[in-house]
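Results of the structural survey
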Amino acid sequence: MSLRAKRSILRRPAVKPAVQSPDLLPVVARLYASRGAGPDEFDYSLGRLAHSERLGGLDQAAALLETQVRQGGRILIVGDFDADGATSTALAVRALRAMGAADVDYLVPNRFEYGYGLTPEIVEVAAERRPDLIVTVDNGISSEQGVETARQRGISVLVTDHHLPGARLPAADAIVNPNLPGDEFPSKHLAGVGVIFYVLSSLRSRLQAGGWFESRGIQCPNLATYLDLVALGTVADVVPLDYNNRILVEQGLRRIRAGACVPGIRALLEVAGRRPERVTAGDLGFAVGPRLNAAGRLEDMSLGIECLLTEDAGEARRLAERLDVLNRERREIEATMQAQALESLEGLMASLDTEHPPAALTLYDSDWHQGVIGILAARIKERVHRPVIAFAEAGPGMLKGSARSIPGLHIRDALDEVAARHPGLIDKFGGHAMAAGLSLPADRLAAFRAAFEETVTGLVDPDDLEGRIESDGELASGDFTLELGEALRASGPWGQGFPEPLFDGEFEIVQRRVVGERHLKLVLRALAGGPTVDAIAFGFHPEDWPEDRATVHVAYRLDVNEYQGVRRLQLIVEHVQ
């Protein structure tokens with residue numbers, strides 16, 4: 001019995017571009033059109049960003065910050081312990097200091113001691129620093145009690161967040177969140193770092209209009225210089241890359257490629273073996289983001305924030321190397337947890353006497369690391385194509401869970417329905433369509449597992465439990481060129497909601513050999529004709545590649561492999577039909 005989900009390749013409908021841009025190859029223009037990008041969405045200039053006046057609460061937020069800047073008040077940034085929270089915190093600290101704020105500091109809750117968000121406990125810690133204003137970044141929209149505790153302490157609170165709000169909002173002095181009911185901002189998918197970027201931009205405009213910079217002899221900062229941080233946080237948080245987010249990411253990538261990024265991002269790219277001048281959104285998501293996240297998962301995100309704040313290249317390199325070590329430790333922990341989870345699943349499948357797992361999976365082991373359950377849930381979800389929640393112990397008698405979903409099921413809404421049907425079952429929860437977090441008493445786990453599976457079974461379409469790989473179709477023989485490979489790297493930026501191009505086709509296997517024990521190096525030739533081309537299948541499964549197989553139907557990405565200064569086209573095999 002295999003726990004690997006069966007997947008089929010489905011081709012996206014061909015969409016003819018409404019306008020053919022002379023700056024885009026025809027294949028690239030077709031890819032943009034198939035992803036719903038209009039003819040005016042080839043332009044990634046900053047002037048195309050959604051206007052800030054449509055973002056609710058922005059005026060009140062900027063006024064709060066302006067008052068503190070002008071009065072020399074203490075501003076404390078309270079962030080989250082992931083890459084979005086780290087970049088949001090670093091951006092806020094850097095920009096406020098550049099705008100002349102006299103006293104700006106930050107505080108990030110340790111996930112193992114205080115949990116997520118502006119809790120009453122973290123407010124008590126914050127109060128020791130006697131702030132005049134707490135600014136939450138990438139959190140706070142569900143922090144009713146924490147905000148109330150701050151107000152009782154005489155501390156003003158500005159909440160900036162992008163997570164979906166609950167039925168009640170915290171009584172903050174101002175809230176900026178594009179997902180508030182009735183908010184007219186067109187880009188609902190801003191990451192936390194994107195929200196605080198808009199807030200800081202509004203503050204800069206107010207200070208400039210009021211003559212602040214001129215009166216203080218301060219050069220008015222260009223906030224576009226911080227878009228490297230915005231790009232990293234946006235990609236690492238896996239928010240959908242709508243047009244607005246693609247502008248933010250592309251502008252940040254351009255700055256990184258030009259060498260105009262903070263030393264920490266450059267150092268993180270270098271320890272990951274990536275060249276900053278050729279960086280892509282994928283490099284931020286798969287190389288930089290995990291190393292930054294490792295600090296919050298295993299230790300304290302302050303390590304990652306300091307890496308993004310320092311101006312000293314040597315210090316940035318030292319911190320990046322420490323983050324790299326933590327990421328290696330995280331991988332080892334994750335591998336052990338994944339093996340345990342798969343063993344548990346095999347036992348479950350045997351007891352159910354079925355070929356397919358239930359519609360939803362709830363996993364728990366008392367030895368699992370609380371900081372790694374999110375990655376574990378994602379890995380198991382990818383393997384079995386089911387919504388997965390992985391739980392770990394979070395203090396006496398309590399469990400913390402991290403949920404990951406599949407297309408077709410809004411995981412936060414599913415948890416909301418569980419909570420509505422079974423009052424008191426879940427202690428608290430929050431999140432997005434594809435990811436969420438929750439906590440509950442350990443003695444309620446069995447009841448929750450049954451309720452969650454029942455709820456998901458009623459919500460999900462059975463067809464959504466069958467894995468699908470969306471392909472952009474077959475390339476013509478003349479498209480296997482280095483020019484197209486380079487064009488795909490330079491276009492995009494590709495990511496969540498704007499997927500990287502994936503093609504499929506039948507190929508003759510000209511050569512094959514195993515490299516590094518787990519990868520298959522290939523030379524392929526399309527059966528429709530054309531040149532031979534290098535390919536690689538990472539982490540291949542031998543049963544998919546029997547020795548006597550002469551042809552193969554694969555889904556693949558076009559990539560450019562650079563070795564000793566020579567660039568060659570290479571196919572990255574993602575799936576074997």
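Below or above, wherever it landed, is the structure these notes cover. (Residues numbered from 1 in each chain as written. Predicted model: local features only at pLDDT ≥ 70, side-chain atom pairs only at ≥ 80, totals over all residues. Heavy atoms only, no water.)

**Re the packing of aromatic side chains**
- Scanning the model with the defined rule gives 13 aromatic pairs in all.
- With 6.1 Å between their ring centres and 40 degrees between their planes, Y44 and Y243 make a pair best called tilted. Of the two residues, Y44 is situated in the loop between α1 (26-34) and α2 (58-71) and Y243 in helix α9 (residues 243-257); the sequence distance between them amounts to 199 residues.
- Y44 gets classed as buried once you look at its relative accessible area, which sits at 6%. (Phe/Tyr/Trp six-rings, centres within 6.5 Å; stacked < 30°, edge-to-face > 60°. Helix = DSSP H or I, 4+ residues; strand = E, 2+ residues; numbered from the N terminus. Buried < 20%, exposed > 50% of the residue type's maximum accessible area, 1.4 Å probe, protein only.)

**Digging into the nonpolar core**
- Of all hydrophobic cores here, the largest spans 138 residues; its most connected members are I77, I380, W545 and L558.
- When neighbours within four sequence positions are excluded, I77 is seen to be in contact with T89, A92, V93, L96, V104, D105, Y106, L107, V135 and V137.
- Counting residues in hydrophobic clusters, the runner-up holds 24 residues, among them A414, I426, L438 and L465. (Core = buried A, V, L, I, M, F, W, Y, C linked by side-chain atoms within 4.5 Å. Contact = heavy atoms within 4.5 Å.)

**Things to note about the sheet that holds strand β6 (residues 174-176)**
- Read from one edge of the open sheet, five strands run β3-β2-β4-β5-β6, paired in parallel fashion. Whereas interior strands pair on both sides, the edge strands pair on one side only; in this sheet they are β3 (103-107) and β6. Put simply, the sheet's adjacent strands are angled 20 degrees from each other on average, direction ignored.
- As paired strands, strand β4 (residues 133-137) and strand β5 (residues 156-160) are joined by five bridges and run parallel to one another. Bridging across to β5, L133 finds its partner in S156. (Pairing = 2+ DSSP bridges. Axes fitted to C-alpha atoms, helices over the stretch in contact; angles between N-to-C directions.)

**Comments concerning the side chain of D183**
- Of note, D183 is situated in the loop between β6 and α6 (192-209).
- Judged by its relative accessible area of 13%, D183 is buried.
- When near neighbours in sequence (up to four residues on either side) are disregarded, D183 contacts R54, L55, G56, N177, P178 and K188.

**Quick word on the pattern of salt bridges**
- Overall, the coordinates contain 41 salt bridges when judged by the stated rule.
- Between R421 and E417 there is a salt bridge whose closest N-O contact spans 2.5 Å. With R421 and E417 both in helix α15 (residues 411-421), this residue pair falls four residues apart, about one helical turn.
- Residue classification places R421 among the partly exposed residues on the basis of a relative accessible area of 42%.
- Judged by relative accessible area, which is 26%, E417 ranks as partly exposed.
- The shortest N-O distance in the salt bridge between R557 and E574 comes to 2.6 Å. Within this pair, whereas R557 is found in strand β16 (residues 551-563), its partner E574 is found in strand β17 (residues 566-576), the two being separated by 17 residues in sequence.
- Through salt bridges with shared partners, one network takes in R275, E277, R278, E486, E562 and R567. (Salt bridge = Lys/Arg side-chain N within 4 Å of Asp/Glu carboxyl O.)

**Describing the sheet that holds strand β11 (residues 435-441)**
- Taken in spatial order, the five strands line up as β7-β8-β9-β11-β10 in an open sheet, and their pairing is mixed. Only two strands of the sheet have a single partner each, and these edge strands are β7 (361-364) and β10 (428-431). In this sheet, adjacent strand axes meet at a mean angle of 20 degrees when their direction is disregarded.
- In the packing of helix α14 (residues 373-384) onto the sheet, contacts are made with β7, β8 (388-393) and β9 (398-404), and the angle to β9 comes to roughly 45 degrees.
- Lying over the sheet, α15 contacts β8, β9, β10 and β11, oriented at roughly 160 degrees with respect to β10.

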